[in-house]
Amino acid sequence: MVDSPLALLAELTHRCPLRCPYCSNPKELTRAGAELTTAEWARVFREAAALGCLQIHLSGGEPTARRDIVELVAAARAAGLYTNLITAGVLLDAALMARLVEAGLDHVQLSVQDAEEAGAERIGGMKGAMTRKQAAAALVTASGLPLTLNAVVHRQNLHNLPHLIEIALEWGAGRIEVAHVQYYGWALANRAALLPTRAQLDEATRLVDAARAAHRGRLVIDYVVPDYHAARPKACMGGWGRRFLGVSPAGNILPCHAAESITGMIFPNIRETSLAAAWADSPAFNAFRGTAWMPKPCQGCEHAERDWGGCRCQAFALTGEAAATDPACALSPHHGLLADALADAGETAFRYREFS
């Protein structure tokens with residue numbers, strides 16, 4: 001029997017005023033005219049609640065680029081879901097904030113690209129973004145909603161990690177997620193400019209440990225590390241199709257937010273089926289559930305039901321085979337690919353492949 005998912009990631013749109021080089025958007029973006037309608041999203045929310053989801057993450061792209069974002073928050077709240085808005089904050093003003101609160105928004109997660117204006121502009125590609133983000137944080141805290149800062153870190157901004165943590169405190173966040181870039185999609189295309197050195201990673205880990213001790217009771221610090229220096233993979237999303245599902249702007253139902261990076265895999269669409277049917281019965285969701293699908297050395301490994309084989313998207317990105325042992329595992333025959341990537345990164349200049 002398949003357990004119920006706990007959370008739904010609703011990727012409302014791929015539209016966004018920022019141009020971050022590690023963007024989780026796929027390389028083929030969904031146009032506005034092909035996005036799910038307000039009514040279709042409301043049905044998704046009702047089905048998610050009936051399936052057992054407790055919370056919904058309203059994301060993108062930039063979710064506030066949708067003109068119906070207030071109606072979507074209200075629909076999620078009406079379905080009985082805890083609502084979390086994941087936003088860059090650059091389109092958020094006082095009037096919209098008031099309407100979102102009235103609609104029943106529960107929480108805001110605000111992304112920051114760097115601790116300095118110049119770095120934030122260079123990484124996000126938008127002038128004045130940092131000032132707008134600070135104003136957005138003030139609107140959130142003034143409204144009484146809890147605020148989380150999401151700091152995506154990599155080689156180009158890790159030197160500012162202490163300042164990023166201080167910003168979380170200054171802006172009134174109760175939590176900061178220090179999330180190292182995960183390398184698929186656009187991040188994979190820009191990997192050579194983003195991969196941290198082992199020394200950078202070790203220093204970041206030391207800083208996080210110290211900050212957790214220093215700010216205990218004031219600030220919760222979540223820490224997501226990259227796999228490229230690892231000897232064992234993490235349980236990506238808690239295991240494929242175990243606790244999480246997402247819906248893309250065009251309605252594709254996904255076992256993780258990056259699943260569409262696995263080319264050739266067909267995912268069910270909410271316009272053609274229900275969430276419940278997709279979750280329980282679709283070949284895509286069942287492809288990597290449990291352990292029966294695993295190749296050696298995963299098959300029979302004592303860690304198989306802890307890491308669930310690692311990340312399928314990473315395995316595909318690095319080996320071309322979604323069912324391959326995640327190269328983050330030291331026992332993988334492809335583990336050397338990670339060392340090769342680190343060597344290729346070297347001292348690569350700060351340059352990105354951009355998307356439009």
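Please refer to the structure higher up on the page.
Residues numbered from 1 in each chain as written. Predicted model: local features only at pLDDT ≥ 70, side-chain atom pairs only at ≥ 80, totals over all residues. Heavy atoms only, no water.

(A) Representation of the pattern of salt bridges in the model. Considering all chains together, one arrives at twelve salt bridges under this definition. Ionic pairing is found between R15 and E35, a salt bridge with its closest N-O pair at 2.9 Å. Here R15 is found in the loop between β1 (7–11) and α1 (38–51), whereas its partner E35 is found in the loop between β1 and α1, with 20 residues between them in sequence. For R15, a relative accessible area of 33% corresponds to the partly exposed category. The class for E35 is buried, based on a relative accessible area of 6%. Between K127 and E121 there is a salt bridge, with the nearest N and O atoms lying 3.9 Å from each other. One network of salt bridges, with partners in common, ties together R15, E35, R66 and D68. (Salt bridge = Lys/Arg side-chain N within 4 Å of Asp/Glu carboxyl O. Helix = DSSP H or I, 4+ residues; strand = E, 2+ residues; numbered from the N terminus. Buried < 20%, exposed > 50% of the residue type's maximum accessible area, 1.4 Å probe, protein only.)

(B) Helix α6 (residues 161–170), seen in detail. Taken together, the buried positions of α6 are L161, L164, I165, I167, A168 and L169. For α6, the secondary structure elements touched by its buried residues are β4 (107–112), α5 (129–143), β5 (147–153), β6 (175–180), α9 (198–214) and β7 (220–224). Backbone geometry just after α6 places G172 at a positive phi near 85°. (Contact = heavy atoms within 4.5 Å.)

(C) Focus on the pairing of β1. Among the five residues that make up β1, five are buried, leaving the element largely enclosed by the rest of the structure. Here β1 shows no split at all, with A7, L9 and E11 on one side and L8 and A10 on the other all buried. Relative to strand β8 (residues 244–247), β1 runs parallel, the two being bridged by four bridges. Across the sheet, residue A10 finds its bridge partner in β8, namely V247. (Pairing = 2+ DSSP bridges.)

(D) Molecular detail of unusual backbone geometry. Going from G60 to G61, the amide bond is cis rather than trans, its omega being 15°. Along the chain, G61 turns up in the loop between β2 (55–59) and α2 (69–78). Located in the positive-phi region is M237, a residue other than glycine, with phi close to 55°. Relative to the assigned elements, M237 resides in the loop between β7 and β8. Despite not being glycine, W308 shows a phi value in the positive range, around 50°. Here W308 lies in the loop between α12 (304–307) and α13 (312–319).

(E) Representation of the pairing of β2 in the model. Among the five residues that make up β2, four are buried, leaving the element largely enclosed by the rest of the structure. Strand direction decides the pairing type here: β1 and β2, joined by five bridges, are parallel. Each residue of the ladder has a partner; that of L8, found in β2, is I56. Both β2 and strand β3 (residues 82–87) contribute to a ladder of four bridges, which runs parallel. Looking across to β3, one finds that I56 is bridged to T83. Regarding topology, α2 serves as the crossover connection from β2 to the parallel β3, and that connection is right-handed. (Right-handed = clockwise from strand over helix to strand, strands pointing away.)

(F) Examining the packing of aromatic side chains more closely. A complete count under the given rule lists five aromatic pairs for this structure. Where Y183 meets Y228, the ring centres are 5.3 Å apart and the plane angle is 75°; that geometry is what we call edge-to-face. Within this pair, whereas Y183 is found in the loop between β6 and α7 (186–189), its partner Y228 is found in the loop between β7 and β8, the two being separated by 45 residues in sequence. Classification of Y183 by relative accessible area gives buried; the value is 2%. Three or more aromatic residues joined by ring pairs make a cluster, and in this case those are W240, F288 and W293. Above the face of the W279 ring, R289 is positioned so that its terminal group lies 4.8 Å from the ring centre. Directly above the aromatic system of F288 lies the positively charged group of R312, at a separation of 5.9 Å from the ring centroid. (Phe/Tyr/Trp six-rings, centres within 6.5 Å; stacked < 30°, edge-to-face > 60°. Lys NZ or Arg CZ within 6 Å of the ring centre and 35° of its normal.)

(G) Spotlight on the nonpolar core. In terms of nonpolar packing, the biggest core is built from 68 residues, with L8, W41, V44, F45, L100, L149 and L275 touching the most fellow members. Setting aside its immediate chain neighbours within four residues, L100 contacts I69, V70, V73, L85, L92 and L105. By size, the runner-up hydrophobic cluster in this structure holds 20 residues, among which are V90, M126, L194 and Y228. (Core = buried A, V, L, I, M, F, W, Y, C linked by side-chain atoms within 4.5 Å.)

(H) Summary view of α9. The end-to-end C-alpha distance of α9, which contains 17 residues, comes to 24 Å, matching closely the 24 Å that a straight helix rising 1.5 Å per residue would cover. All of the buried residues along α9 are L201, A204, L207, V208 and A211. When α9 is viewed along its axis, its buried side chains cluster within an angular range of 125° and face the same direction. Facing away from the buried side of α9 by more than 90 degrees, the exposed set consists of A199 and A214. Residues of α9 that are buried sit in contact with α6, β6 and β7. (Expected span 1.5 Å × (residues − 1). Arc of directions from axis to C-beta.)

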